[in-house]
Amino acid sequence: MNELKIFSIQKNIHEDNVKVANETREELNRQNAYLINVMSSPGSGKTSTLVSTIKALKGEMNIGVIEADVDSDVDARTVMNAGAKAVQMHTGGLCHLDATMARRGIDELGVEDLDLVFLENIGNLICPVGYDTGAMKNIAILSVPEGDDKPLKYPMIFAKVDALIINKIDVMEHFDFNMEVLEERVRKLNKDIKIFPISAKTGEGLSHWTDWVKTEMKRR
Amino acid sequence: MHELGIVYEVIKIVDAFAVENNLIKVDKIILEIGELSQAIPRFIESCYPAAISETAYEDTKLEIITIPATGECRSCHEVFNIIEHRKICPKCQAEDFSLISGQEFNIKEVVAY
Ligand SMILES: Nc1nc2c(ncn2[C@@H]2O[C@H](COP(=O)(O)OP(=O)(O)O)[C@@H](O)[C@H]2O)c(=O)[nH]1
Ligand SMILES: [Mg+2]
Ligand SMILES: [Zn+2]
Ligand SMILES: [Zn+2]
């Protein structure tokens, strides 16, 4: 009978994920593709915002989208019709993407001919933000009907993203959503965050967001 | 489910470690999970059997050590459990603290031969 021994591993479970994510970033940099990870609750307007963004920027660059939010290919088809190259991932029931899954999507999409790539992450404010996907920027979308108290309920995502889009400002008057209160709550968690109030539907405010994307792409 | 994916990740890392160190049999895996980690120990325990079933780790036991969520008050430097005290310093009532522990998710060690 062999004797049992204790072997110390002391390994953070996220270490491997960070390693894969860093490799992805290097590869994307080599191919000159800029990846933005888009997170929100279901229905906040990830797909709609991507459609408006694609329409605004497609004259200047080639855009790709990795759709991971829903299993059917409706969103992929929608962004393709707007003028992007797109792939649909089949994530059946998962609640977040890790770097390995994101890499699979990137490889399937093929980024050699792309300048800008969006990852529409799984609709969930809790766990996607815990996983580095290899993106250069992480953004969240909060829509007006969801309420200005979301940063109190889900602080982690607001604390960690580089930019926050407040979508559906066209329906602002029907909701008691206070933009100043929201901004104050968000800045308390993340003082340097960029905040872009937009309407994906009417296009209001969109250029501030697309200008930021272009500036960040040039900056890297 | 969030925890199932995490358990697969644990098995993957342990498996790589076992191969690297020529381990014949892993008797037990010991995890350290912070109270603020995204994984809930009870859920990890409940999906563990499904993750190991029909693998080389079918008989491997799992032990979870919980690490408390502690913070240090930025005003008076009191160290306190931030869940128990609802993020408010019990000594000076300040709400500003720096997190010392609680977000860990580590594979601490394995018992094996
Ligand atoms: N009024 C309004 N509705 C919007 C806006 N953006 C998206 N929607 C609607 O919100 C719903 C969900 O949008 P979608 O882009 O599919 O959200 P996703 O699940 O985050 O991808 C759809 O019915 C959209 O038409 C907006 O700016 N204003
Ligand atoms: Mg969508
Ligand atoms: Zn998850
Ligand atoms: Zn104090």
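This one's a predicted model, so the numbers in the text were calculated from it and none came from an experiment.

S.K.: I'd love a proper account of the overall build of chain B, names of residues and values included.
M.R.: On a plain count of helices and strands, chain B comes out with two helices and six strands. Listed N to C, the secondary structure of chain B is α-β-α-β-β-β-β-β in terms of helices and strands. Computed over its C-alpha atoms, the radius of gyration of chain B comes to 18 Å, more than 25% above the 13 Å expected for a compact globule of 113 residues. For the C-alpha atoms alone, the extent of chain B along its principal axes is close to 55 × 30 × 15 Å. Partitioning the intrachain contacts of chain B with sequence separation of at least 6 by distance along the chain shows that 67% fall at a separation of at least 24. Approximately 6,000 Å² of chain B is accessible, and the part contributed by carbon and sulfur atoms is 51%. Computed over 10 positive and 19 negative side-chain charges, the separation of the two mean positions in chain B equals 4 Å.

S.K.: An account of helix α3 (residues 74–82) of chain A is requested, with residue identities and associated values reported.
M.R.: Residue and element names in this part refer to chain A. If you check which residues of α3 are buried, you get D75, A76, V79 and A82. The buried residues of α3 occupy one face: seen down the axis, they fall within an arc of 125 degrees. Along its buried surface, α3 packs onto α2 (46–57), β3 (63–67), β4 (85–88) and β5 (116–120). Downstream of α3 by a residue or two, G83 has a phi angle that is positive, lying close to 120 degrees.

S.K.: Describe the coordination of the zinc ion (ligand 4), and please don't skip the residues or the numbers.
M.R.: Residue and element names in this part refer to chain B. Each protein donor to the zinc ion (ligand 4) is listed here as C73 (SG), C76 (SG), C89 (SG) and C92 (SG); together their distances run 2.3 to 2.4 Å. For the zinc ion (ligand 4), the four donor atoms are set out with angles of 103 to 115 degrees between them, so the coordination reads as tetrahedral. Each donor residue of the zinc ion (ligand 4) lies on one chain, and together they are spaced C-x2-C-x12-C-x2-C. By relative accessible area, C73 is classed as buried at 1%. Residue classification places C76 among the partly exposed residues on the basis of a relative accessible area of 24%.

S.K.: A description of the side chain of T47 of chain A should follow, citing residues and the corresponding values.
M.R.: With respect to the helices and strands, T47 of chain A occurs in helix α2. In contact with T47 of chain A, not counting residues within four places along its chain, are E67, D75, T78, V79 and E120 of chain A.

S.K.: Could you give me a rundown of the nonpolar core, with the residues and numbers involved?
M.R.: All names here are of chain A. Ranked by internal contacts, the top residues of the largest apolar core, which has 48 residues, are L116, F118 and W209. Counting residues per element, this core draws most heavily on helix α8 (residues 206–219), at five residues. With near-sequence residues (within four places) excluded, L116 lies in contact with Y34, I36, L57, M61, N62, I63, G64, V213 and M217.

S.K.: Outline the pattern of salt bridges, supporting the account with residue identities and numerical values.
M.R.: In the structure shown here, the tally under the stated rule is 20 salt bridges over all chains. When the shortest N-O distance is used, the salt bridge between E216 of chain A and K137 of chain A registers 3.5 Å. Residue E216 of chain A is located in helix α8, and its partner K137 of chain A is located in strand β6 (residues 137–143); the two are separated by 79 residues in the primary sequence. K137 of chain A matches E216 of chain A in its accessibility class, with the two residues each being buried. Among the salt bridges present, the one from D27 of chain B reaches K61 of chain B, with a minimum N-O distance of 3.0 Å. Of this pair, D27 of chain B sits in strand β1 (residues 26–34) while K61 of chain B sits in strand β2 (residues 61–67), and the two are 34 residues apart along the sequence. Counted as one network, the salt bridges with shared partners bring together K137, E216 and R219 of chain A.

How each quantity is defined
- Residues numbered from 1 in each chain as written.
- Chains lettered and ligands numbered in written order.
- Predicted model: local features only at pLDDT ≥ 70, side-chain atom pairs only at ≥ 80, totals over all residues.
- Heavy atoms only, no water.
- Helix = DSSP H or I, 4+ residues; strand = E, 2+ residues; numbered from the N terminus.
- Rg over C-alpha atoms; globule rule 2.2 N^0.38 Å.
- Contact = heavy atoms within 4.5 Å.
- Areas by Shrake-Rupley, 256 points an atom, 1.4 Å probe, with all protein chains shown as cover.
- Lys, Arg positive; Asp, Glu negative; His and termini not counted.
- Charge placed at Lys NZ, Arg CZ, Asp CG, Glu CD.
- Buried < 20%, exposed > 50% of the residue type's maximum accessible area, 1.4 Å probe, protein only.
- Arc of directions from axis to C-beta.
- Donors = N, O, S within 2.8 Å, 3.2 Å for Na, K, Ca; no water.
- Tetrahedral: all angles 85-135°; square planar, octahedral: opposite > 155°, others 65-115°.
- Core = buried A, V, L, I, M, F, W, Y, C linked by side-chain atoms within 4.5 Å.
- Salt bridge = Lys/Arg side-chain N within 4 Å of Asp/Glu carboxyl O.

In short, shape yes, function no, at least from these values alone.
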